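# Notes for the structure review
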Amino acid sequence: MGETATIPQAVAPEEPHRMDKLPWHNNFPRNAAEIARIVAADLPQLVPVSAAPLGEGWDYSTFLVNEHWVFRFPKRNQSARALKREMATLESIADLAATLPIPRYEYRVDRSSAFPTAYGGYAYIAGTPLLDAEGVDARLIGKELGPFLARLHATPTVSQRDVRVRDELVDWIPDFQRELTEAAPGMPPHIHAACAALLERPPPAFDGETAFTHADLGAEHILIGDGGTRISGVIDWGDAGMGDPLADYVGLWAWGGDRAAEACFDASGLTLTPARWARLRFWGVCYAIGSTYYGYKGGQATLHHAALSWLQRMYANGQLEDSSNQDG
């Protein structure tokens, strides 16, 4: 493949469509009016309360309260435990906000009068998710993200109970293979086949030095402001923990390719060996597969189409055939 690769024509994949009882199913669904009543009962200092849906992810439903506060409501009991861990994590790394804005929870409801789990809120960070932003300079974003990640990865851990050691990439391969199979109806056959073949050739398990990581730094969790000229915030810290620091460059690479990642590495003073580059690209393919799956099964057309475009670029560059290939 490489620069001269041609993309085969294929039958158009199915459009994404929402399905019930998926892993991210919401066990505690509430509409905006119900959320307003819940917040008013638990936090009378915010009365009168207005609420509007802001977004929905794997673990949380998010609402904008009083046009200023982002409130995250767990979708399952295990998500509530993760939210408490996230609150503690953000408190311990609050000084990172001097580099790039991150959430700071100012409201925490441990026992709600009307919602079954704990929930919390932080001041709204304005911006467009990198996933949705248009006309963004990949090198500029990488250059701005680099110093932030360098500082994050140098963060000393308070204690082992405050962080989680992340599973290694190779342990997740069966999950990515399952997601690829389930997302197949929404993918061009040649992309599906190439991804399936690559997943059969995972990189060696990571045996280097771990660092404190965001661990879920996808393009949906990097906010862009000022007309696409800067990063306005880094959100969704529920998976933060100890692991391979390369994890935090995966979403950036999947979105912007080698160009974005190189700018980030240059700005953070990091140099990758060819083997680490191959691991990053392989992991980026896995992230794109997971995003395709989530977008397809969850009925999120924007995410589904974006992830497919990433995989098409990787295919054209020969990176689904061999993750050691550089961008064309």
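Shown above is the structure to which this text applies.
An account of the accompanying structure is given in this report. (Residues numbered from 1 in each chain as written. Predicted model: local features only at pLDDT ≥ 70, side-chain atom pairs only at ≥ 80, totals over all residues. Heavy atoms only, no water.)

## As for the overall build of the chain
Secondary structure assignment for the chain yields eight helices and 10 strands. Split into buried and exposed, the 328 residues of the chain put 52% on the buried side. Sequence separation of 24 or more characterises 71% of the internal contacts of the chain that already satisfy a separation of 6 or more. Accessible surface computed for the chain: about 14,800 Å², of which carbon and sulfur atoms make up 50%. (Helix = DSSP H or I, 4+ residues; strand = E, 2+ residues; numbered from the N terminus. Buried < 20%, exposed > 50% of the residue type's maximum accessible area, 1.4 Å probe, protein only. Contact = heavy atoms within 4.5 Å. Areas by Shrake-Rupley, 256 points an atom, 1.4 Å probe, with all protein chains shown as cover.)

## A short note on the pattern of salt bridges
In total, this model carries 13 salt bridges according to the counting rule given. With a shortest N-O distance of 2.8 Å, Asp59 and Arg76 are connected by a salt bridge. With a gap of 17 residues between them, Asp59 in the loop between strand S1 (51-56) and strand S2 (60-65) and Arg76 in the loop between strand S3 (69-74) and helix H2 (77-92) connect regions that are remote in the sequence. As a salt-bridge pair, Arg151 and Asp95 come within 3.7 Å of each other at their nearest N and O atoms. With Arg151 in helix H3 (residues 138-153) and Asp95 in the loop between H2 and strand S4 (105-109), this pair connects stretches of sequence that are 56 residues apart. (Salt bridge = Lys/Arg side-chain N within 4 Å of Asp/Glu carboxyl O.)

## Quick notes on empty space enclosed by the protein
To locate leftover empty space, one rolls a probe as large as a water molecule over the atoms. One pass over the full model with this rule turns up two cavities of 30 Å³ or more. By volume, the second largest cavity amounts to about 30 Å³. In this structure, the second largest cavity is lined by Asn26, Phe28, Pro29, Arg30, Ile35, Ser61, Phe63, Phe73, Pro74 and Phe115. Those elements that provide at least two residues to the lining of the second largest cavity are S2 and S3. Among the residues forming the lining of the second largest cavity, the class breakdown is seven nonpolar, two polar and one charged. (1 Å grid on protein atoms, 1.4 Å probe; cavity = no way out; pocket = protein on both sides within 12 Å on 5 of 7 lines; lining within 4 Å. Points joined across faces, edges and corners; volume = space filled by probe spheres on them. Nonpolar A, V, L, I, M, F, W, Y, C, P; charged D, E, K, R; others polar.)

## Description of the sheet that holds S2
Strand order in the open sheet formed by five strands is S1-S2-S3-S5-S4, with antiparallel pairing between adjacent strands. A single partner strand is all that each edge strand has here, and the edge strands are S1 and S4. In this sheet, adjacent strand axes meet at a mean angle of 25° when their direction is disregarded. Bridge count between S3 and strand S5 (residues 119-123): four bridges; the pairing is antiparallel. Bridge pairing links Phe71 to Gly121 in S5. Here helix H1 (residues 32-42) sits on the sheet in contact with S1, S2, S3, S4 and S5, set at roughly 110° to S1. Running at roughly 145° to S4, H2 makes contact with S2, S3, S4 and S5 of the sheet. (Pairing = 2+ DSSP bridges. Axes fitted to C-alpha atoms, helices over the stretch in contact; angles between N-to-C directions.)

## Brief notes about the side chain of Asp244
One can find Asp244 in the loop between strand S10 (241-243) and helix H6 (250-268). Reaching out from Asp244, the side chain makes a polar contact with the side chain of Arg279 at a distance of 2.9 Å. Setting aside residues no more than four positions away along its own chain, Asp244 makes contact with Phe206, Thr213, Arg276, Arg279 and Trp283. (Polar contact = N/O pair within 3.5 Å; in protein donor to acceptor, adjacent residues only side chain to side chain.)

## Regarding the packing of helix H5 (residues 189-199) against helix H7 (residues 274-297)
The relative placement of two packed helices comes down to the angle between their axes together with the axis-to-axis distance. Where H5 contacts H7, the axes come no closer than 11 Å and their chain directions differ by 130°. Our classification of the angle between H5 and H7 gives oblique. You can see that H5 and H7 cross each other, and the crossing is left-handed. For the pair H5 and H7, the contacting residues are Cys195, Leu198 and Leu199 in the first and Phe282, Val285, Cys286 and Ile289 in the second. Grouping the constituent residues of the contact of H5 with H7 by class yields seven nonpolar, no polar and no charged. (Parallel < 35°, antiparallel > 145°, perpendicular 65-115°, else oblique. Left-handed = near helix turned anticlockwise from the far one by under 90°.)

## Section: the layout of surface pockets
Computed from the structure, the second largest pocket encloses a volume of approximately 210 Å³. What lines the second largest pocket is a set of 14 residues, among which Pro203, Pro204, Ala275, Arg276 and Arg279 lie closest to the centre. For the lining of the second largest pocket, the residue count by class is eight nonpolar, two polar and four charged.

## Some details on the environment of Trp69
Relative to the helices and strands, Trp69 is located in strand S3. On the basis of relative accessible area, Trp69 is assigned to the buried category, the value being 12%. Taking the C-alpha atoms as reference points, Trp69 and Tyr122, 53 residues apart in sequence, are found 5.5 Å from one another. For Trp69, the contacting residues outside a window of four places in its chain are Leu46, Phe63, Leu64, Glu106, Tyr107, Tyr122, Ala123 and Tyr124.

## Digging into the packing of aromatic side chains
What the rule picks out here adds up to 16 aromatic pairs. When the ring of Phe71 is compared with that of Tyr119, the centres are 6.0 Å apart and the planes differ by 55°; the resulting orientation is tilted. Here the residue Phe71 occupies a position in strand S3, and Tyr119 occupies one in strand S5, the gap between them amounting to 48 residues. On the basis of relative accessibility, which here comes to 0%, the residue Phe71 falls in the buried class. Ring centres 6.1 Å apart and planes at 85° place the aromatic pair Phe115 and Tyr119 in the edge-to-face group. Taken as a pair, Phe115 and Tyr119 share a single burial class, namely buried. In this arrangement the basic side chain of Arg72 is found over the ring face of Tyr60, its NZ or CZ atom lying 4.1 Å from the centre. In this structure, Arg313 packs its charged tip against the face of Trp253, placed 5.5 Å from the ring centre. (Phe/Tyr/Trp six-rings, centres within 6.5 Å; stacked < 30°, edge-to-face > 60°. Lys NZ or Arg CZ within 6 Å of the ring centre and 35° of its normal.)

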